[in-house]
Amino acid sequence: MVRKGKSRMILLDHIARTAAEDGCRTAAVSGSESITYSELWERSGRIASWLESMLGDDKRPLVVYGHKDPDMLVYFLACVRSGRAYCPVDVSVPVKRVSDIIEKSECPIIFSADGSGIIGELHDRAVVGKTEAEAICRDMETCIPADRAVSGDDTFYIIFTSGSTGLPKGVKISADNLENFLAWSSCLGDSEEEKEGGVFLNQAPFSFDLSVMDLYTSLYCGGTLFMTDKKTQQDMAALMEALQDSGLKYWVSTPSFAALCCSEPDFSIEKMPDIKMFFFCGETLTNSVAGRLRDRFPETKIINAYGPTETTVAVTAVEITDWMIKSKNALPVGTPGKNTRIEIRDGDGVSLPDDRHGEITILGGNVSTGYFRDKHQSQKVFFGDGVRGYRTGDEGFIKNGQLNFCGRMDLQIKYHGYRIELGDIENNLIQIPGIKAAAVLPKLRNGSIKNLVGFVTGMGCPDDSFAEGSRIRAGLREKLPDYMVPRKIIFLEDMPITDNGKIDRKALGRMIG
Ligand code: AMP
């Protein structure tokens, strides 16, 4: 029986239908590993039944740890089919950060698709790895009722993003948020029917919400998820070879990743003849990258989408035309998706007319129910009970119906597609013994971030500043992902301060040119 007032997720119905009607269809492939729809449905059902028998009314979210392994999908679906949210954590996340996430989520069980054993050493929580999962699938029957699954405003997943306090904050995305997004994404560029059976690129790690676009749009439309792991992504020749044999139709990545691929001559329509659409989100798509793609893939649709994790992947999108590329103007990020409204607001929250710059504010069905166990942070940026809203901190304007993105209004940056709060790095720097004050700045070249530079006080000017800088960087690396560790540390006697007592970031900027 379906719970009163809540409808069953269309996503789960679609996966169940594909499993029943065409169970042998491949749901996901990663290197030599793959999983069919019937295996995915059957195994997730068995593990969901086991979760129900083990945890009963305990509905705390569960951490799923690993990388590009088809088992990750089994664990995600097992959680949500048993009525629990999952929290995806990629193996690239440093151990200390994983530990913070586990602490914060209070998850009673961790699923691990990673063979390193690291996760078992972190906490005294039960860990379900490959062996345990196989035993459960062998011994358990699927007896989980369909109405046990998450639905309505139940949380479907929690993704932790960089938080300005130095601790990651968990964005809760509900079943309704995801359904609202999928009703739109499944028709973006191509119809849902055209997408059926198509191969979707999964480049982003599952702890980055861009992956939700390929993972769930693919499962919703009966497609195949083609996962590329970190190792392959670092070896361009291997990546090109894998892509050529993949039958890839729908490309999903950050523009940075596509730009990287453009350095390979084999990245072309001749070698990837099935490709129909590029979907970009997460950072600025430049004319230059769009132009290079157009040269190599003359007929392929290029979609530029915009949105933060807090509003379920993306809320606006536009197909980039040749005319837009040739105009050399900054590319727009598009018009709102289903049940979504975009307003540009001034500092007092008043909605501004077209052409005026202000804060991009997102309202509608994609807006998250809030940060996990963080009312304080939630109240700062989320508002509204009926129609929910989110203040993005992004600056933008609307022209001819199209949203245009103009950058951040705070200290959040995007570096290689990763979202970083500079305050997160700074707060971790001042925890290193000897450091009194810290500031981190992006070093720019031709308007793009080249690397990050850290400024610290409290240590004077060390005799061997290179060795001292390496020690600080090593300390940070224990807590932060590599991409957040500044390339260079500059030692200062005092921080430059503005008249109103803030760190003078402009003065620091001048020091690095
Ligand atoms: P994340 O939560 O990691 O997806 O990061 C969200 C932020 O990325 C947004 O608030 C924007 O600052 C930036 N962003 C997302 N999409 C775009 C886009 N198409 N163009 C420029 N910046 C973007």
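In this text the structure is predicted, and so the values were computed from the model without any measurement.

Engineer: Any chance you could explain the packing of aromatic side chains here in plain terms?
Structural biologist: Two aromatic rings are characterised by how far apart their centres lie and by the angle between their planes. Enumeration over the complete set of coordinates arrives at 20 aromatic pairs. Considering the side-chain rings of Phe 76 and Phe 206, the 5.4 Å spacing of their centres and the 85 degrees angle between planes classify their relative orientation as edge-to-face. On the criterion of sequence distance, the pair formed by Phe 76 in helix α3 (residues 70–81) and Phe 206 in the loop between β9 (199–202) and α9 (210–220) is long-range, its members being 130 residues apart. Using a relative accessible area of 2% as the deciding quantity, one classes Phe 76 as buried. Consider the rings of Phe 156 and Tyr 216, whose centres lie 5.4 Å apart with planes at 90 degrees: the pair is edge-to-face. Of the two residues, Phe 156 is situated in strand β7 (residues 155–161) and Tyr 216 in helix α9; the sequence distance between them amounts to 60 residues. Neither residue differs from the other here; Phe 156 and Tyr 216 are each classed as buried. Taken together through their ring pairs, the aromatic side chains of Phe 76, Tyr 86, Phe 156, Tyr 157, Phe 206 and Tyr 216 make up a single cluster. Above the plane of the ring of Trp 41 lies Arg 81, whose end atom (NZ or CZ) is 3.5 Å from the centre. A cation sits over an aromatic face here: Lys 195 above Tyr 250, 6.0 Å from the ring centre.

Engineer: What is the right way to look at the nonpolar core in this model?
Structural biologist: A general trend in soluble globular proteins is that nonpolar side chains are found buried together. Among the nonpolar cores identified, the biggest contains 87 residues, and Leu 11, Phe 156, Tyr 216 and Phe 279 are the most heavily contacted of them. Among the elements that make up this core, the one with the highest residue count is α3 (9 residues). Among the nonpolar cores identified, the runner-up in size contains 29 residues, and Phe 257, Phe 267, Phe 278 and Leu 293 belong to it.

Engineer: What's the story with unusual backbone geometry in this structure? I'm lost.
Structural biologist: One can expect most non-glycine residues to show negative phi and most peptide bonds to be in trans. The residue Asn 339 is not glycine, and still its phi comes out positive at about 50 degrees. Of note, Asn 339 is situated in the loop between β15 (335–336) and β16 (340–345). Even without being a glycine, Arg 373 presents a positive backbone phi close to 50 degrees. On the secondary structure map, Arg 373 appears in the loop between β18 (370–371) and α15 (375–381). Judged by its relative accessible area of 46%, Arg 373 is partly exposed.

Engineer: Even after reading the chapter, I still don't get the site of the ligand, so can you show me in this structure?
Structural biologist: As a matter of local geometry, the ligand sits amid 17 residues, with Ala 305, Thr 309, Asp 394, Lys 414 and Arg 419 nearest to it. Ala 305 places a polar main-chain atom, nitrogen or oxygen, 2.7 Å from a nitrogen atom of the ligand. Taking Lys 414, its side chain carries an N or O atom lying 3.0 Å from an oxygen atom of the ligand. Computed on the free molecule, the ligand has an accessible area of 500 Å², of which 96% lies beneath the protein chains in the complex. Where the shell around the ligand is concerned, the elements lending two or more residues are β13 (301–306) and β21 (402–408). For the shell around the ligand, the element with the most residues is β13, which contributes 3 residues. Of the residues assigned to the shell around the ligand, the class counts are 6 nonpolar, 5 polar and 6 charged.

Engineer: Which parts of the structure should I look at to understand the state of the cysteines?
Structural biologist: Where two cysteines share a covalent bond between their sulfur atoms, that bond is called a disulfide. Scanning the entire structure with this criterion turns up 0 disulfides. The cysteine Cys 24 is free of any disulfide, with Cys 137 supplying the nearest cysteine sulfur at 18 Å. Overall, the relative accessible area of 69% leaves Cys 24 in the exposed class. The thiol sulfur of Cys 79 is not disulfide-bonded, and the nearest other cysteine sulfur, from Cys 107, lies at 9.7 Å.

Engineer: Help me out: how do you make sense of the side chain of Asp 214 in this one?
Structural biologist: Along the chain, Asp 214 turns up in helix α9. One buried charged side chain, Asp 214, makes no salt bridge at all; its nearest oppositely charged neighbour is Lys 68, positioned 7.0 Å away.

Engineer: Explain the sheet that holds strand β25 (residues 448–457) to me, please; I cannot follow it from the model alone.
Structural biologist: Remark on secondary structure: sheet strands pair via backbone hydrogen bonds, oriented parallel or antiparallel. The sheet built from 3 strands is open, its strands ordered β24-β25-β26 with mixed pairing. Of all strands in the sheet, those bounded by a partner on one side alone are β24 (437–445) and β26 (488–492). Here the average twist between neighbouring strands, direction ignored, is 30 degrees. Strands in contact with helix α16 (residues 422–429) are β24 and β25; relative to β24, the strand with the most contacts, it is inclined by about 140 degrees. Against the sheet, helix α17 (residues 465–477) makes contact with β25 and β26, and its axis sits at roughly 115 degrees relative to β26, the strand it touches most.

Conventions adopted
- Residues numbered from 1 in each chain as written.
- Predicted model: local features only at pLDDT ≥ 70, side-chain atom pairs only at ≥ 80, totals over all residues.
- Heavy atoms only, no water.
- Phe/Tyr/Trp six-rings, centres within 6.5 Å; stacked < 30°, edge-to-face > 60°.
- Helix = DSSP H or I, 4+ residues; strand = E, 2+ residues; numbered from the N terminus.
- Buried < 20%, exposed > 50% of the residue type's maximum accessible area, 1.4 Å probe, protein only.
- Lys NZ or Arg CZ within 6 Å of the ring centre and 35° of its normal.
- Core = buried A, V, L, I, M, F, W, Y, C linked by side-chain atoms within 4.5 Å.
- Near = heavy atom within 4 Å.
- Polar contact = N/O pair within 3.5 Å; in protein donor to acceptor, adjacent residues only side chain to side chain.
- Areas by Shrake-Rupley, 256 points an atom, 1.4 Å probe, with all protein chains shown as cover.
- Nonpolar A, V, L, I, M, F, W, Y, C, P; charged D, E, K, R; others polar.
- Disulfide = S-S within 2.5 Å.
- Lys, Arg positive; Asp, Glu negative; His and termini not counted.
- Salt bridge = Lys/Arg side-chain N within 4 Å of Asp/Glu carboxyl O.
- Pairing = 2+ DSSP bridges.
- Axes fitted to C-alpha atoms, helices over the stretch in contact; angles between N-to-C directions.
- Contact = heavy atoms within 4.5 Å.

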